[in-house]
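Fold and contact review
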Amino acid sequence: MENFVFSYPTKNYFGKEAAKQALNAELPKYGKNVLLAYGGGSIKRNGIYDEVMALLQEQGKEVTEFQGIMSNPTYAKVQEGAKLCRDHKIDFILAVGGGSVSDCCKAVSAQAKLISDLYDYEYQEKKIPQDGIPMGVIVTAAGTGSEQNAGAVITYEEKNWKGALWGTPASFAVLDPYYTKTVPQKQVLSGAFDTLSHCMETYLGTPRQPNLSDRMNEAVMRSVIENTRKVAKDPEDMNARSELFWAAAMAENGILKLGKVTDFQAHMIEHQLGAFTNCNHGCGLAAIQPALYRHLAPSARNQYARLAENVFGVDGHADKTALEIATQGIEKLAAFIKEIGLPTTLTELLGTVDDAMLRKVADTAIVTKGCAKQLTPDEIYTILQEAK
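Residues numbered from 1 in each chain as written. Predicted model: local features only at pLDDT ≥ 70, side-chain atom pairs only at ≥ 80, totals over all residues. Heavy atoms only, no water.

1. Side note on the packing of helix H7 (residues 185-203) against helix H11 (residues 281-296)
Let me state the cut-off plainly: In this description, a line fitted to the C-alpha atoms serves as the axis of each element, helices being fitted only across the stretch in contact, and the angle between N-to-C directions of two axes falls anywhere from 0 to 180 degrees. Helix and strand definitions follow DSSP, with helices as H or I runs of at least four residues and strands as E runs of at least two, each counted in order from the N terminus. These descriptions rest on fixed angle ranges, namely under 35 degrees for roughly parallel, over 145 for roughly antiparallel, 65 to 115 for roughly perpendicular, and the rest for oblique. We call a crossing left-handed when the near helix sits turned anticlockwise from the far one by less than a right angle, and right-handed when that turn is clockwise. Residue contacts are counted whenever heavy atoms from the two residues lie within 4.5 Å of one another.
Between H7 and H11, the least distance of the axes is 8 Å, while the angle of their chain directions is 40 degrees. Comparing the axis directions of H7 and H11 gives the class oblique. For the pair H7 and H11, the sense of crossing is left-handed. Residue-level contacts link Lys-186, Ser-190, Phe-193, Asp-194, Ser-197, Met-200 and Glu-201 of H7 to His-281, Gly-282, Cys-283, Leu-285, Ala-286, Gln-289 and Tyr-293 of H11.

Structure below.
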């Protein structure tokens, strides 16, 4: 394993009615001015808004609302939130929603305390913000694990760029599986696949020999596959929803990444696809990942074969080569995507697919160090064509 230092800042409140427990315990630690952030207003229709507002009022908080955070939060939206924080002297940010709301607020938190432009600070000056407005997250859509770390995926529309900005990690997270019933079934399933993708891309990084982090990861991946199937068949299965909620947290709280240099090549390609198309993130990964892995498996065949055997249940007979086992695992991954109703091609995801747009995606996608093969833009373009 690689050397590592592990410290974990986020306190998790898990289970039914966890919001009341969390806010009563945590809000007294912060000042009176709270930014309440959320998306398109679904929390007002499903009752979560009223519940959270009542708890904030019980604590005597002055609430400023920051609404309309989109599914792929933009850099302009980050700047809007940061201005609200400055104008209203915000002491604490409470993000209510899925990963997009959380991501936006982590970047808002950092930008509000920073004189420099956040993007320039990180990508031109090569610095990471060390200060931010404290924040907490009430998660309504499991999958991204955004509430567990400091990374934020933001779309900078003027630059046709979608990528990571580093902000403030949540001091606490509320994980109430019953809140996931307030989002559409498609989002539940695409979020579950995002969790599986996080796990696979951690697993398929370096080192490539078996290690403790990977063995724990195998258990998480098997659980995600099992419980995604259950929720796909029965959306009312709360135990399965609970398992998926905690798996999403485990995938991104750092535990499975200890001693690893992660892959995350599929995410880098999908981020750029999202920058040009604004597509659903989990669905984009589903359309890309099997085609990508068919290209990568020959460069790490034993590792991909372990994934096939230990996660996807491929029978590793002695008369099969490691690459044959790995390939069968990739086909089982593709079959699982189809089984749960996610798109298996870019055409299914997007409708008409413009080759010129795919070329731009390939040319701007980041190539990751932990990937089994250092891809060129031309090979990424070939993969996208095969995924089309």
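2. Observations regarding the packing of aromatic side chains
The condition is simple: Any pair of Phe, Tyr and Trp rings, taking the six-membered ring for Trp, is counted once the centres come within 6.5 Å. Such a pair is stacked with planes under 30 degrees apart, edge-to-face with planes over 60 apart, and tilted for the rest. Relative accessibility thresholds used throughout: buried, under 20% of the residue-type maximum; exposed, over 50%; partly exposed, between the two (1.4 Å probe, protein chains only). The criterion is that NZ of a Lys, or CZ of an Arg, lies within 6 Å of the ring centre and within 35 degrees of the ring normal, and then a charge sits over that ring.
A full pass over the atoms with the stated rule returns 12 aromatic pairs. Note on Phe-14 and Trp-246: the rings are 6.1 Å apart at their centroids and 80 degrees apart in plane angle, and the pair reads as edge-to-face. Separated by 232 residues along the polypeptide, Phe-14 in strand S1 (residues 11-14) and Trp-246 in helix H9 (residues 238-252) bring together distant segments of the chain. Note on Trp-246: relative accessible area 35%, which makes it partly exposed. Consider the rings of Tyr-75 and Tyr-156, whose centres lie 4.3 Å apart with planes at 20 degrees: the pair is stacked. Of the two residues, Tyr-75 sits in helix H4 (residues 75-87) while Tyr-156 sits in strand S6 (residues 151-156), which places them 81 residues apart along the sequence. An aromatic cluster of three or more residues is present, and its members are Tyr-75, Tyr-119, Tyr-123, Tyr-156 and Trp-161. The ring centre of Tyr-49 lies 4.9 Å from the NZ or CZ of Lys-44, which sits over that ring.

3. Some details on the pattern of salt bridges
Using the following cut-off: By definition, a salt bridge exists where a carboxyl oxygen of Asp or Glu is found within 4 Å of a side-chain nitrogen of Lys or Arg.
Summed over all chains, the structure comprises 18 salt bridges. Among the salt bridges present, the one from Lys-181 reaches Glu-236, with a minimum N-O distance of 2.7 Å. With Lys-181 in the loop between strand S8 (172-175) and H7 and Glu-236 in the loop between helix H8 (212-233) and H9, this pair connects stretches of sequence that are 55 residues apart. Note on Lys-181: relative accessible area 38%, which makes it partly exposed. A salt bridge links Arg-229 to Glu-339; the nearest nitrogen and oxygen atoms lie 2.9 Å apart. With Arg-229 in helix H8 and Glu-339 in helix H13 (residues 322-339), the pair connects residues that are 110 residues apart, well separated along the chain. Via salt bridges that share partners, Lys-11, Glu-26 and Lys-29 belong to a single interconnected network.

4. Looking at the side chain of Thr-64
Here Thr-64 shows up in strand S3 (residues 62-66). Under the relative-accessibility criterion, Thr-64 is labelled buried at 13%. If we skip the residues at most four places from it in the chain, Thr-64 touches Val-34, Leu-35, Leu-36, Leu-84, His-88 and Ile-90.

5. What to know about the nonpolar core
Note the following rule: We define a nonpolar core as any set of buried Ala, Val, Leu, Ile, Met, Phe, Trp, Tyr and Cys residues linked to one another through side-chain atoms lying within 4.5 Å.
Ranked by internal contacts, the top residues of the largest apolar core, which has 63 residues, are Phe-193 and Leu-346. Sorting elements by how many residues they give to this core places H11 first, with nine residues. In this structure, Ala-82, Val-101, Cys-104 and Ala-112 belong to the second largest nonpolar core, which totals 37 residues.

6. So, the side chain of Lys-106
Heads up, the condition is: N or O atoms closer than or at 3.5 Å make up a polar contact, with two conditions inside protein: a donor-capable atom paired with an acceptor-capable one, and, for residues adjacent in sequence, both atoms drawn from side chains.
Secondary-structure assignment places Lys-106 in helix H5 (residues 99-112). At 2.6 Å, the side chain of Lys-106 and the backbone oxygen of Ser-146 are in polar contact.

7. A few points about the environment of Arg-45
On the secondary structure map, Arg-45 appears in helix H2 (residues 42-45). Sequence separation between Arg-45 and Ala-387 is 342 residues, and the spatial gap between their C-alpha atoms is 37 Å.

8. Remarks on H9
Where we set the bar: A helix is expected to span 1.5 Å multiplied by its residue count minus one.
Along its 15 residues, H9 runs 22 Å from first to last C-alpha, staying within 8% of the 21 Å computed at 1.5 Å per residue. Turning to H9, its buried residues number three or more, namely Met-238, Ala-240, Arg-241, Leu-244, Phe-245, Ala-247, Ala-248, Ala-249, Met-250, Ala-251 and Glu-252. Buried residues in H9 make contact with S1, strand S5 (135-139), S8, H7 and H8. For H9, the N-terminal cap is Asp-237; the gap from its side-chain oxygen to the backbone nitrogen of Asn-239 is 3.3 Å. Looking one or two residues beyond H9, the residue adopting positive phi is Gly-254, at roughly 100 degrees.

9. A short note on the packing of H11 against helix H16 (residues 377-387)
The condition that has to hold: Only Asp, Glu, Lys and Arg are considered charged, only Ala, Val, Leu, Ile, Met, Phe, Trp, Tyr, Cys and Pro nonpolar, and every remaining residue, Gly among them, polar.
Where H11 contacts H16, the axes come no closer than 9 Å and their chain directions differ by 125 degrees. For the element pair H11 / H16, the angle class is oblique. Relative to H16, the crossing made by H11 is right-handed. Residue-level contacts link Ala-287, Ile-288, Ala-291, Leu-292 and His-295 of H11 to Glu-379, Thr-382, Ile-383, Leu-384, Glu-386 and Ala-387 of H16. Class assignment for the residues of the contact of H11 with H16 results in seven nonpolar, two polar and two charged.

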